[in-house]
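Next come the chains, spelled out residue by residue.
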Amino acid sequence: MDKLLDWLLSLNHVSISPGTRFAFGISWAVWIIPIVLVLLLLGYLSYRKQSASPRKKIALGIVRALLLAAVFLLFCRPMLVVDREERTRSVVAVWLDNSASMTLEDPYHDPQMRALLAKTQADTQPAASQPAGAASLRPDRYQLAVHSLDHAQWLKDLTDTQDVAIFTGSSHAQLLGTAHNPDQLKPLLAALAKDTPAGESTDLPAVTQEILQSVQGQRVSALVLYTDGQTTEPGSRLDLATAAAEQASAKLFALPLGDPQEPLNLKLSQPQVPENTFVRDPVAVKMHLAGTGIDKPTPARITLYRTQGPNEAISGAPLATKDVTLDPGKREMDVEMIFKPEKTNAEKSEKFDLLARVELTNGGEELSAQDNVITAHTNVLDAQINVLYVEGYPRWEFRYVKNELIREKTVNISTLLLSADEDFAQDADPRVVDKDGRETFPGPITRFPETPEELNKYDVLIIGDVEPTFFSPSQQKLIVDFVRKTGGGVAWIAGNGWDPEAYKGTPLDVLLPIVPDELDPRARVMAPAENAPFTPVLTAAGRDSNLFRFFDDPDENVKQMANMPDMYWFKPVQGIKASAEVLAVHPTRSQGGAPAPLIVTDRYGEGRTLFSAIEDTWRWRRYNGEPLFQSYWLQMCRLLYKNKALGQNRRLELAADAAKVEVGRPIKVSLTVKDPTLAGQVPAQVPVLITDKEGRPLDTLTLQRSPSSGGDEPDSLQGMITASQIGDVLLTVQPGILPIDVPPFEVSVEPPQREFEKIAADTDSLTTLATKTGGAVVPIYKSDELAKQIPDRSIPLILSDSEELWYKPIALVLVVALATIEWLLRKSAGLI
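If you're wondering where the values come from, they're calculated on a predicted model, not measured in any experiment. Residue indices begin from 1 for each chain and proceed along its sequence in written order. Local features in a predicted model are, by the rule used here, given only for residues with pLDDT of at least 70; side-chain atom pairs are given and counted only at 80 or more, and totals for whole chains, interfaces and linings are based on all residues. Each side-chain value is worked out from all heavy atoms of the structure, with water and hydrogens disregarded.

A. The arrangement of the overall build of the protein chain in detail. A count of helical and extended segments in the protein chain gives 19 helices and 37 strands. Our radius of gyration is a C-alpha quantity, and the globule rule it is checked against amounts to 2.2 Å times the number of residues to the power 0.38. Computed over its C-alpha atoms, the radius of gyration of the protein chain comes to 46 Å, more than 25% above the 28 Å expected for a compact globule of 832 residues. Seen through its C-alpha atoms, the protein chain measures out along the principal axes to roughly 175 × 60 × 55 Å. The cut-offs for exposure are 20% and 50% of the maximum accessible area for each residue type, with area from a 1.4 Å probe on protein chains only; residues under the lower value are buried, those over the upper are exposed, and the others partly exposed. When burial is assessed residue by residue, the protein chain has 48% of its 832 residues classed as buried. Long-range contacts, defined here as pairs at least 24 residues apart, represent 74% of the contacts in the protein chain between residues at least 6 apart. Segments assigned H or I by DSSP are reported as helices when at least four residues long, segments assigned E as strands when at least two residues long, and all are numbered from the N terminus. Residue contacts follow a heavy-atom distance rule, with two residues in contact if any of their heavy atoms lie within 4.5 Å.

B. Quick look at empty space enclosed by the protein. In this analysis, the protein atoms alone were mapped onto a 1 Å grid. Cavities are point sets where a 1.4 Å probe fits without being able to get out; pockets are open sets with protein on both sides within 12 Å along at least five of seven lines; lining residues have an atom within 4 Å of a point. Grid points are joined across faces, edges and corners, and a volume is the space filled by probe spheres set on the points. Inspection of the entire model under this criterion finds one cavity of 30 Å³ or more. Lining of the largest cavity is provided by Pro271, Val285, Leu304, Leu354, Leu355, Ala356, Ile374, Thr375 and Ala376. Residue assignment for the lining of the largest cavity shows that the elements contributing at least two residues are strand E14 (349-360) and strand E15 (373-381). Residues of the lining of the largest cavity, tallied by class, amount to eight nonpolar, one polar and no charged. Note on residue classes: Ala, Val, Leu, Ile, Met, Phe, Trp, Tyr, Cys and Pro are nonpolar, Asp, Glu, Lys and Arg are charged, and everything else, Gly too, is polar.

C. Seen up close, the packing of aromatic side chains. Note on aromatic pairs: the rings of Phe, Tyr and Trp (six-membered ring only in Trp) are paired at centre separations within 6.5 Å, and the planes decide the class, stacked below 30 degrees, edge-to-face beyond 60, tilted for the rest. The final tally for this structure, using the stated rule, is 17 aromatic pairs. Taken together, a centroid distance of 5.0 Å and an interplanar angle of 70 degrees make the contact between Phe470 and Phe471 edge-to-face. By relative accessible area, which is 30% here, Phe470 ends up partly exposed. When the ring of Trp492 is compared with that of Tyr503, the centres are 4.9 Å apart and the planes differ by 70 degrees; the resulting orientation is edge-to-face. With Trp492 in strand E21 (residues 489-493) and Tyr503 in the loop between E21 and strand E22 (514-516), the pair connects residues that are eleven residues apart, well separated along the chain. The residues Trp492 and Tyr503 share a single accessibility class, namely buried. Our definition puts a charge over a ring when NZ of Lys or CZ of Arg is within 6 Å of the ring centre and also within 35 degrees of the ring normal. The ring of Phe352 has Arg306 lying over it, and the distance from NZ or CZ to the ring centre is 3.6 Å.

D. Examining the nonpolar core more closely. Definition used in this section: a nonpolar core is a set of buried Ala, Val, Leu, Ile, Met, Phe, Trp, Tyr and Cys residues joined via side-chain atoms within 4.5 Å. Phe548 and Ile599 are the most contacted members of the largest nonpolar core, which has 78 residues in total. By residue number, the principal contributor to this core is helix H16 (residues 626-645), which donates eleven residues. Apart from the residues within four sequence positions on either side, Ile599 is in contact with Leu547, Phe548, Glu581, Val582, Leu583, Ala584, Leu610, Phe611, Ser612, Ile614 and Tyr632. In terms of nonpolar packing, the next biggest core, distinct from the first, is built from 35 residues, Ala145, Leu192, Ala776 and Ile780 among them.

E. Up close: helix H14 (residues 554-562). The complete set of buried residues in H14 reads Asn557, Gln560 and Met561. Projected down its long axis, H14 shows its buried positions confined to an angular sector of 100 degrees, all on one face. The exposed set on the far side of H14, more than 90 degrees from its buried face, consists of Asp555 and Ala562. Residues of H14 that are buried make contact with strand E23 (537-538), helix H15 (618-624) and H16. What the arc describes is the spread of directions from the helix axis to the C-beta atoms.

F. Highlighting the pairing of E14. Paired strands, in this sense, are two strands between which DSSP finds at least two bridges. Pairing of strand E11 (residues 298-307) with E14, which is carried by eight bridges, proceeds in the antiparallel orientation. Residue pairing in the sheet places Tyr305 in a bridge with Leu355 of E14. Pairing between E14 and E15: nine bridges, direction antiparallel. Across the sheet, Asp353 pairs through a bridge with His377, a residue of E15.

G. Quick peek at a nonpolar patch on the surface. Exposure above 30% relative accessible area and no salt bridge define the residues that can form patches, which grow by joining like charges within 9 Å and nonpolar side chains of Val, Leu, Ile, Met, Phe, Trp and Tyr within 5 Å. In these tables, accessible area is a Shrake-Rupley quantity obtained with a 1.4 Å probe, and a residue counts as shielded only by the protein chains included in the view. Should a side-chain nitrogen of Lys or Arg be within 4 Å of a carboxyl oxygen of Asp or Glu, the pair is scored as a salt bridge. There is a patch of nonpolar side chains on the surface, built from Leu41, Tyr44, Leu45, Ile58, Ile62 and Leu66 and spanning about 520 Å² of accessible area. Breaking the nonpolar patch down by element, the ones donating at least two residues are helix H2 (32-45) and helix H3 (54-75). One can find Ile62 in helix H3.

H. Looking closely at the side chain of Asn546. Here Asn546 shows up in the loop between helix H13 (540-544) and H14. Look at Asn546 and you get buried, because its relative accessible area is 15%. Under this definition, polar contacts are N or O atom pairs within 3.5 Å; protein pairs additionally need one hydrogen-donor-capable and one acceptor-capable atom, and for neighbouring residues in sequence, both atoms have to be side-chain atoms. Among the polar contacts made by the side chain of Asn546, one reaches the main-chain carbonyl oxygen of Pro282 at a distance of 3.0 Å. At 3.1 Å, the side chain of Asn546 and the side chain of Arg549 are in polar contact. Asn546 has contacts with Thr277, Asp281, Pro282 and Gln635, leaving out every residue within four places of it along the chain.

I. Structural detail: the sheet that holds strand E17 (residues 411-417). One open sheet holds the eight strands; their spatial order is E17-E16-E20-E21-E27-E26-E25-E23, and the pairing between them is mixed. In this open sheet, the two strands that pair with only one neighbour each are E17 and E23. Here strand E26 (residues 594-604) pairs with strand E27 (residues 607-612) via six bridges, running antiparallel. If you follow Thr601 over to E27, its bridge partner there is Leu610.

J. Quick peek at the pattern of salt bridges. If you walk through the whole model with that rule in mind, you get 33 salt bridges. One salt bridge in this structure joins Glu626 and Arg407, with 3.6 Å as the shortest N-O distance. Placement of the pair is Glu626 in helix H16 and Arg407 in helix H10 (residues 396-407), with a sequence separation of 219 residues. On the basis of relative accessible area, Arg407 is assigned to the partly exposed category, the value being 46%. Glu439 is the salt-bridge partner of Arg431, the closest N and O atoms lying 2.5 Å from each other.

K. Representation of a negative patch on the surface within the structure. Neither His nor the chain termini are counted; the positive set is Lys and Arg, and the negative set is Asp and Glu. Note that the charge is assigned to NZ on lysines, CZ on arginines, CG on aspartates and CD on glutamates. Together, Asp157, Asp160, Asp784 and Glu785 make up a region of like negative charge exposed at the surface. Inspection of the secondary structure puts Glu785 in the loop between strand E36 (776-777) and helix H18 (786-789).

L. Broad picture of the packing of helix H8 (residues 204-214) against helix H9 (residues 238-247). For helices, the fitted axis covers only the stretch in contact; all axes are lines through C-alpha atoms, and the angles between them, taken along N-to-C directions, range from 0 to 180 degrees. Look at H8 against H9: their axes get within 8 Å of each other, and the N-to-C directions meet at 20 degrees. Taken together, H8 and H9 sit at an angle that is classed as roughly parallel. As for how H8 packs across H9, the hand of that crossing is left-handed. Residue-level contacts link Pro205, Thr208, Gln209 and Leu212 of H8 to Leu238, Leu240, Ala241, Ala244 and Ala245 of H9. A breakdown of the residues in the contact of H8 with H9 according to their chemical character gives seven nonpolar, two polar and no charged. Under this scheme an angle from 65 to 115 degrees is roughly perpendicular, one under 35 degrees roughly parallel, and one over 145 degrees roughly antiparallel; angles in between are oblique. A crossing counts as left-handed when the near helix is turned anticlockwise from the far one by less than a right angle, and as right-handed when that turn is clockwise.

M. Molecular detail of the side chain of Gln162. With respect to the secondary-structure elements, Gln162 resides in the loop between helix H6 (153-158) and strand E4 (163-168). Look at Gln162 and you get buried, because its relative accessible area is 1%. Within the structure, Gln162 has its side chain in polar contact with the side chain of Ser90 (distance 2.5 Å).

N. Quick peek at the sheet that holds strand E9 (residues 276-278). Read from one edge to the other, the open sheet built from five strands follows the order E9-E15-E14-E11-E12, with strand pairing classed as mixed. At either end of the open sheet lies a strand with only one pairing partner, and these are E9 and strand E12 (314-326). Adjacent strand axes in the sheet meet at a mean angle of 30 degrees, parallel and antiparallel pairs treated alike. Those strands touched by H16 are E9 and E15, and its axis lies near 115 degrees from that of E9.

O. How the structure looks around the layout of surface pockets. Taken as a whole, the second largest pocket spans an internal volume of roughly 860 Å³. Surrounding the second largest pocket, 31 residues form its lining, Pro274, Glu275, Asp544, Ser545 and Lys642 being those nearest its centre. Per-element accounting of the lining of the second largest pocket gives the leading share, five residues, to H16. Here the lining of the second largest pocket is built from residues that sort into ten nonpolar, ten polar and eleven charged.

Here it is, written out as structure tokens:
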């Protein structure tokens, strides 16, 4: 019927429907009805005196009355008006926290949360998609929130009456988009599902204010926050967020993610392993163990394994295990585990990839198992070492050390005693040749090597109390190159005659890790107090060193050192070189305000050096037996041999200041030119490509020559870049840029640690924020209740549309029809 009327009235702009009304386009429309009544009356009365039958006069009066009324109404410009209601929709903002703490996998104590966790796990990890035997992982906080939003009927229902703006971010709000209907929600939720929570910090007040600012000019009904509530940004103020929400009349509803009770969790971190070690040497693997949610004594076991490669399967039985107990008063501890490696291949060195795992001894459910494992690696070297020991006179230290190293099967030693007669048979191990008949160890010798080929048959050179002039200028240069270029090691054993003072100012001075005390040691008269007995005290570096690792237990080593036979002599020095490291000090004597150094090590070029200010270690052998003395000197030789054993005479070396760095922190990268002959061939700027573990490029860093390079320091280029992505990254210099290729360097970028300092959900802050704005904290398993709690602040508007009728064809037809009817009636009545 409505369609028929629209056609009859020739309507173009409006349509007759419920809500349609009739109106006039004149200001005095209120007088239309009285005027129409008057016209009807006049039209009717105009035929009252006509000479026609009463019935025809009545009919003619009615028709004329209608004609007059119709003409008048058309003059008043009648129109049809349609009123329709439109709504200015309010906005509901939904924010999903994507900070790094949202990756935590809470076990939850609440039965309803555990039921939701199981449902989410079943939906996100269908059994058919998992490899056989694979352990399913608990959904983390972020996955739980995405699953809840994806199945939220309340969210879909809201889009029927309000707009829904989806935000993400951690310290700042990032708008993904706004949905005006349920179909527009799907791509926004899909984008959330693809995102990875990795924000460095959380700032809930800042996020709240930024969301309200981004929707200025619109009426905000509510902010719905999916978060653990932990604000980690220093200086953030919750009251500013509530003030902004109250000013916008927006209610805040929080859906907490995470357990409000601090969950039980063990975490291993800070692995420390020696870069190189030797077969069957004790290797100390250090790590830090921390626990949260520890409300009672909690026993745990740490197990150390060897793996088939980085992030690969475990191979073989455990290398070591250690049982520890955490309790409320001791939630953190440093742990050291010892194992003795055995090589499985014939190469000079073998890489050992290590994995340490901590597990609860008595069972239990942890927050996350991902931080229960740490990895590291060390290079295990063959232990056959060639040593040359040059001594001025047959002091007790020389006699004991020489005999001990001759007996040691993993050491070949040649000795050169300068005070011996010409026909004296110098002590040494037998000559060694390889399978091709080439000499690899010369055996007994009668002179010091004079060519690089001769000296390079040795790995370690021990220089006792020898006058510097014994070494010719060419031999002194040979010794320096032996350390700097080929990675050889040099040990200095102080004496009363020449070592080390006489070497000051000579070419060999660069190999001393200490600064000698005076030039003429013979002018020095030792006071009686200086001959007082003493026992060396280990520094922290000394306790970590294998040099003094007599037992697996570090505490036993310290006790053993305290019970060593007394020593009666040491050589004072002025100080140590800037890069040197002190392993043992005098218990009572000082130098420059610090304990006087006794054992000092340093690096020079590719090799290592060591200075011993004592010559009484033979007393350990005489009074304590062979094991401790043997261990000390064997480990000294191995310490000085490591660099050469690894073949670390890399001419160019790319490295970073740390193998592990927190995301958002700077990485200092350097390229060291260790071979001076290449210095002129290395460009002033070297680009370094940063890629992820799949080889996808992430960034490029340009290294520039360091202004401090020069002198005896190796030439180097340096640069700095920010770690912007969590995961393993490779630093690579593309082939052809440098005169020789350099191996890439791997850096592990870890999540920000401040996001994991407080791992329980902060429901108190969320409750404060919600209640002050008239909102509420709603458990995520009751999220459908939000449909009733979120108000609709949309504004209804009445919009009118009209179309005039006076000029429509039907108006003309009506007037003509009435006029025609009147003419016909008049004709029939004989009035025409």
